[in-house]
Structure formats: structure tokens, C-alpha cells
Amino acid sequence: MRKKMIAMLLAGGQGSRLYVLTKDLAKPAVPFGGKYRIIDFPLSNCVNSGIDTVGILTQYEPFELSEYIGNGQPWDLDRMGGGAFVLPPYQRNTGRDWYKGTANAIYQNLRFIERYNPDYVAILSGDHIYKMDYSKMLEVHEKMGAAVTVAALKVPLSEASRFGVIIANEEGYITEFEEKPANPRSDLASMGIYIFSADKLKKYLTEDEADPDSENDFGKNVLPNMLAAGEKMAVYSFEGYWKDVGTVDSLWEAHMDLLEASDLNLYDKNWKIYSRSPVMPPHMVEAGAEIKSSMVTEGCTVGGKVEKSVLFAGVEVEAGAEVIESIVMPGAVIESGAKVIRAIVGEKAVIKAGAAVGEPGGKIALIGPGAAVEANTSQPAGAIFGKEAK
Amino acid sequence: MKNGLLGIIVCNMHDDLIPQLTANRTLGSIPFGGRYRMIDFALSNMANSGIKDVGLVPSKNYQSLMNHVGNGQEWDMSRKNGGLSILPPYAGERGVYRGRMEALYGIREYIKASDAENVVLCDSDVVANIDLRPVIEQHKESGADITLVYKYSEVFKEKKQCAALFFDDYGKLLDLYLNPELDGKQNIYLDIAVIKKPLLDELIAECASKDEHSFVHSVLMAKKGVLNIRGYRFDGYCNKLTGLRNYLDSSLALLDPEVRKSLFPAERPIYTRVRDEVSARYGENAKVSETLVTDGCHIDGEVEKSVLFRGASVAKGAKVKGCVLMHNTTVGEGAALEWVITDKNVVIPAGTHLAGSEKYPLYIPKDTVL
């Protein structure tokens, strides 16, 4: 079956800067925004852009992510002749390999791409929060007659060294590309989102694979090689909310953005973010509870005080507990008298009675999934506290 | 792993009890509890009890019902073989059935084609989380022809079609009183029955030939001496919908933690259609207590002792007490509502004051813009 465009979603990231949150969980599977996981954003973008075939490349801790994706039904990706496919590395008669880099991960799945014989392939990453219409990006790609189109947005120059930096000419073609330069000469940052013409993708991935010195990375190797070969490379300028939630601070900030009136509008009926819903009753606000400036999800029970916080599904905040400027992930329990201030509390963690986590104005504290902060103990601002290894 | 069970849910029984809420929908598609429809309880009970083939029998106004259950996928009943079947009446036959036996006559071919040994028959008017597996087990072990599920409770205040069951010392059905003038607790039949399938086939044919249509009259009452009819007592939380006041009462009963525990145990979830709403949002002026709030709600006012459905919003300065606000109800700034049930998409403009009473709630129909 021939498709115009399919998407390949790189979801193998370990997310080591999220510490205990990603100890047993791939970064794209990290909960976000009350009901979602990070991967829901690129997946929903695909569906809303009219892409019905998505290969999801997993490597690090794939179980929970694979289970979450399932048959793809929550995103309407349970399709005949397409849909969502989880693609872990596999053994073939020429040998077996882990995914060595972003480019190698796609290279190892060229046969998957060929099955659908698309004209274009979108390469996406599974660790950003944003809403983008990839069909508009494809329009630019076609109009520009490009071999590859790179989505980019303007960032403060001081931060540009964290990204692939693009210098483009007036017509919108890339003239220079530098991956994470020490002294960036442009504030146009690559978002790690590419649309390739399928034949060019195959050509340059095959060449890259043949180069023993390559790190097999799109930003470091493939894009510079294409530029050197004189390929037409276009820029797609993106405006709107885009956030890498790869650190404790940025994950927390992105949630605070949700509570403020930010550019990240989750309420757009024409651009819904889909997720696999837990089956839970509405949340209960008990007598004496106090909830302000917060988001609360189904399955929660709130008896205490919740302010400027996001509570995920099935969280319990007992009477007398306080949760302020914090993120509490699914199934966590904040017992009576406990105080959680400026913290991220992982899935099913328990903050026992009278315990204190974080401090007003302090650095964000992180409590790992399944961890228990014992009664009347405290975890200071900036603490990283994981479940003890058994 | 065949278990020899067929589920049948008759969706339009008792529509006349709540004419307000069933003006444009079946009783089964009445919204309940913030995110559910009445039928979710019967369907989820069947799904959680391992009943994989279920037929829904609507008779009229079933668009909202079909829209809600879809292909049955939320209940894991979207199957290649069997699964969920919606069985609307055939054209040419009487559309609106007079009773359960007539409804079953309309789908007799569907029932005949099943290779189930037992049929679990129920309506969609009961709010309860019932594990049907012990019921079926008892039915098989006791050798009963029919097993009736009942609850030991008060005779309904808004009484209609309230059947009290009486059993002999051996547990066989002795008698059945319809709308009895009795005080105190009785064994109230929940319109949930397990029947041997070959017997049901016979009873359907027999009732049709005699132009009889009622399961209670023509089967239970008429055959109580001939058939082995037994009872199963259910002791969890349960409400049989009997009218608008009962609708409000049972909605607000959800605010009781014991009721929620009985209705929503983690091991037997109540499934419903997924709507992909965003988490509920509380503004800086929100003041909420004793309230059930669903995803998609937006609250910046005061809410007390109420149930808010998906997408309901209460603006700053508005006060809501003792209310059920269905999907996308919008309460404007400074409005005040007490003991009001708003149907879907109702708009209450800023400053409007509306009040019913606890015993006589005010109902505002779907799509009303005040």
C-alpha cells in the first residue's frame, strides 16, 4: 500500500536528566499534564495531521511504553494497512545491534518504511511537548522541492548551544548547520523534527551506515553530509509552544505553563491531545478541601489543600495535607498533615503523614515512582529521592 | 474458554418513570455520575463477569445509545465473533414493545442462534456494581430454572413496578407482590435474572402465542408453582431509578465514600465511552466542597454537594448547591443554582437565580439557553 507520508517516532530515549523518574521508564512514557504521557503529543500531532502510520522506535525500558501504545486505538491508530507499530531493535541474519544513534535506528527500520513505500517520511522525537501540523510542514517541503525539511524555532541566543543551530538564506534554504556549537551564530534552533523525501532518506542513511567513523546521528552526521553534498534543505519555521521536558526543572515549568494562560492550549476541539484513559470515576472533592488554580484528574480524592498544582489520575490528598506548586503523578498519596511544596511526586509514591517535601521558593524536589517518604521526615528543596533498591 | 453465557439488556424498560430525562433518549442513555450513562453499569457488570456476548434491545430514541456504546470496544466487546450487538426492532413489527417478553420475541432469532446455556437478562435502570459470577454459580449449583437478583431494602417511595419477592424455606419463589402496600424492608427484585436458555426460548414462543408480554406476570407469577425459581440476594450499594427525585438523590449519594467504594472498586471498573477531555481546571476563586467533578470541567465559583459532568463550567461568583450539571452546562458569573438538574448544553446566564427543592428538583431540558 502506498502512503504519502508516514512518521517514525524516536522513543528510545533514556531521559537520564529526569533521574529517578526514568529509572524504569522510557522518557516518552513519563506522565505529563494530568492525563497524558509525553509521547501523546507527537502521536496526537500525527493523527491530527492526517498521518495514519507511525513506527515507534523503542529501546530503553520498552515494556510500559509498548503496553501504553497497545494497538494504537486511543489515538485512532488501529488501522487496516497502517496504524501504530512499536519497533524495538531485532536480530537479523546479518547480525544484531542496539540502535546506535538516531540515524541508525531509522536505518535499521528501512524495511518497515519500504513496506509502506511512502513519498515522505517524518522523523519525530518522543520527548517534546508541542502541537504541530506536520501536513503544513510537508506543504513547505514540497513547495521548496527539498530533500529534507527541518523544523526550527527561534530561541534566545544564550541557549542556542544546546541545539542544532541553523543558518538559512532568505529563501528559507539551510546554508549552514552546526550541532550543539559552543558559540552559536544563529538563534534558529532545530527541533529535531525532519521531513525527508523517502529516496533521499534511504540514500543518506545507507551512506551513513557505511561510514565507520559516523556517530549515526541525524544532527551530527546525516544533515551535515547532505549539506556538503549540495542537497536542497529547507527550514520550516515553527511558532508556538515547544518545550523539551528532559529535566526536572523544565518538566515542572511546563506544568506551571499549563496552569497559566500559555500558548499550550489543550482545549482546542480541532487539535485534541489523545491518551489512553485510565478507567476511573470523576474526582471527589471532600468537605473542607481547598483547591485553587490547579488541574485535577479523574479518580482523585481531595480532602486537603491544593494550590497551583497538577494532580494526575487517582491521586489522594488527604484532609490536612497541602500540595503547593507541585506535580503529583498517577496514584500517589499525600497523607494527612504532609506538605508538598515545589515538588514532582512520581507515580504511586506515598508521602506519609506529617512528612515534608520541598520548600517555598526552593529548588524543585523529586520523589521517584513508588518511593515512600516516611512519616514526619523531610526531603529538602532540590532533593532527589527514589524507591530503595530491593 | 466458552462460558455458555449470553447477556441481554432491555434498554427502554421504565422510560416512563423519568419522562424528563427520556424525552430524547432511552433510559439506558441517561447520563449519570459525571461521566457515565445508565447502561454503563449493566454493560460493565456483564463485562467484568466474563459475559462476552451481549445483545442490547432498544425500541425507540436509541440514537444516543448507539452513539454511546459504539462497537462496544470500551467494554472489550468489539469482537469478531459475538461481542456487543445492538438489536433494534424489525420494521413491520410493533416498534415499542409493551414488555420484556415482547422485546425478547423481537430478537428471538438472535437468542436462538446463541449456543449459550444460560441467559443473563437485565434492564438499564440499576446503578450498582454487581459481580454476576456468584449469581451464575449459584444458579447452576442450585439447578434453578430462573434465578432472580434482589436487594433487601425499603419499598420504593416513588413506587412503580416495584416487585417484592417471597421465598419458601427451601429458597423457591413462593410469591411476588407488585407495588405492595407494605412497610419496612422487603426483597425487592432488581430486574436482573439468570435463565436457562432452552427454557427462555420456550417461554418467548409461549408468551407470543398467547399475546402476553410481561416477564413478571406471564412468567414469574404464572409459573412460580411449575418452575424452579430462586433468588440471589445482593448486598452492595444499589439504586433502581424510579423518578426525577430519585435521580437527584442517587446522584448525590455518590458523594458518600461508602457508596463510591461499592460502585467503583478497582478490580471491577465501570467502563464508559472515552471523550479525551482535559483534566478539570480550578480557578483562583474556586471554592468547592463535597462535589464530584469530571474531566473537562472548569470551576472558578462556589460549588457544594453537587455532581458536575464533563465540560461543565461554573464562573466566578456563581454559587451551585445540590445540583447535577450535565455535560457542557455553563453557569455564568454571579448565577445561583440550588437543587437544579440541568441537562446537556444548558446555558445559565450571569446573575440568574434558579431554585428547586431537595424533594422536588427543578429540571432544565437539554440545549436550553435561559
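Quick summary incoming for the structure in this document.

Thresholds, definitions, all that
Residues numbered from 1 in each chain as written. Chains lettered and ligands numbered in written order. Predicted model: local features only at pLDDT ≥ 70, side-chain atom pairs only at ≥ 80, totals over all residues. Heavy atoms only, no water. Helix = DSSP H or I, 4+ residues; strand = E, 2+ residues; numbered from the N terminus. Rg over C-alpha atoms; globule rule 2.2 N^0.38 Å. Buried < 20%, exposed > 50% of the residue type's maximum accessible area, 1.4 Å probe, protein only. Contact = heavy atoms within 4.5 Å. Areas by Shrake-Rupley, 256 points an atom, 1.4 Å probe, with all protein chains shown as cover. Lys, Arg positive; Asp, Glu negative; His and termini not counted. Charge placed at Lys NZ, Arg CZ, Asp CG, Glu CD. Pairing = 2+ DSSP bridges. Axes fitted to C-alpha atoms, helices over the stretch in contact; angles between N-to-C directions. Left-handed = near helix turned anticlockwise from the far one by under 90°.

### Some thoughts on the overall build of chain B
Looking only at helices and strands, one finds nine helices and 26 strands in chain B. Taking 370 residues into account, the globule formula puts the C-alpha radius of gyration at 21 Å, and chain B, at 21 Å, falls close to it. Looking at chain B as a whole, 59% of its 370 residues qualify as buried. By sequence separation, contacts in chain B at least 24 residues apart represent 58% of the contacts at least 6 residues apart.

### Examining the overall build of chain A
A count of helices and strands for chain A gives eight helices and 33 strands. Here chain A holds 390 residues, and the buried ones make up 56% of them. Across chain A, contacts joining residues at least 24 apart in sequence account for 55% of those joining residues at least 6 apart. When the accessible surface of chain A is summed, it comes to about 15900 Å², and 47% of that surface belongs to carbon and sulfur atoms. For chain A, the separation between the mean place of its 40 positive charges and that of its 52 negative charges on side chains is 3 Å.

### Regarding the sheet that holds strand 29 (residues 356-357) of chain A
Residues and elements named next belong to chain A. Ordered by their spatial adjacency, six strands build an open sheet running 17-20-23-26-29-32, and the pairing between neighbours is parallel. A strand with exactly one partner marks an edge of an open sheet, and here the two such strands are strand 17 (290-292) and strand 32 (378-379). As judged from the two bridges shared by strand 29 and strand 32, these two strands associate in the parallel manner. When the bridges of strand 32 are listed, Val357 appears paired with Gln379.

### Comments concerning the packing of helix 6 (residues 198-210) of chain A against helix 7 (residues 218-228) of chain A
Residues and elements named next belong to chain A. Their axes nearest at 10 Å, the elements helix 6 and helix 7 cross at an angle of 115°. Where helix 6 crosses over helix 7, the handedness of that crossing is right-handed. Touching Lys200, Leu201, Tyr204, Leu205 and Asp208 of helix 6 are Phe218, Asn221, Val222, Asn225 and Met226, all from helix 7.

### Re the pairing of strand 13 (residues 188-197) of chain A
Residue and element names in this part refer to chain A. Extensive coverage of strand 13 is indicated by the burial of nine of its ten residues. Two strands pair when backbone bridges link them, and strand 8 (residues 120-125) and strand 13 are joined in this way by four bridges, in the antiparallel orientation. Bridge pairing in strand 13 places Ile123 opposite Tyr194. Two strands pair when backbone bridges link them, and strand 10 (residues 148-154) and strand 13 are joined in this way by six bridges, in the antiparallel orientation. Its bridge partner lying in strand 13, Thr149 is registered against Ile195.

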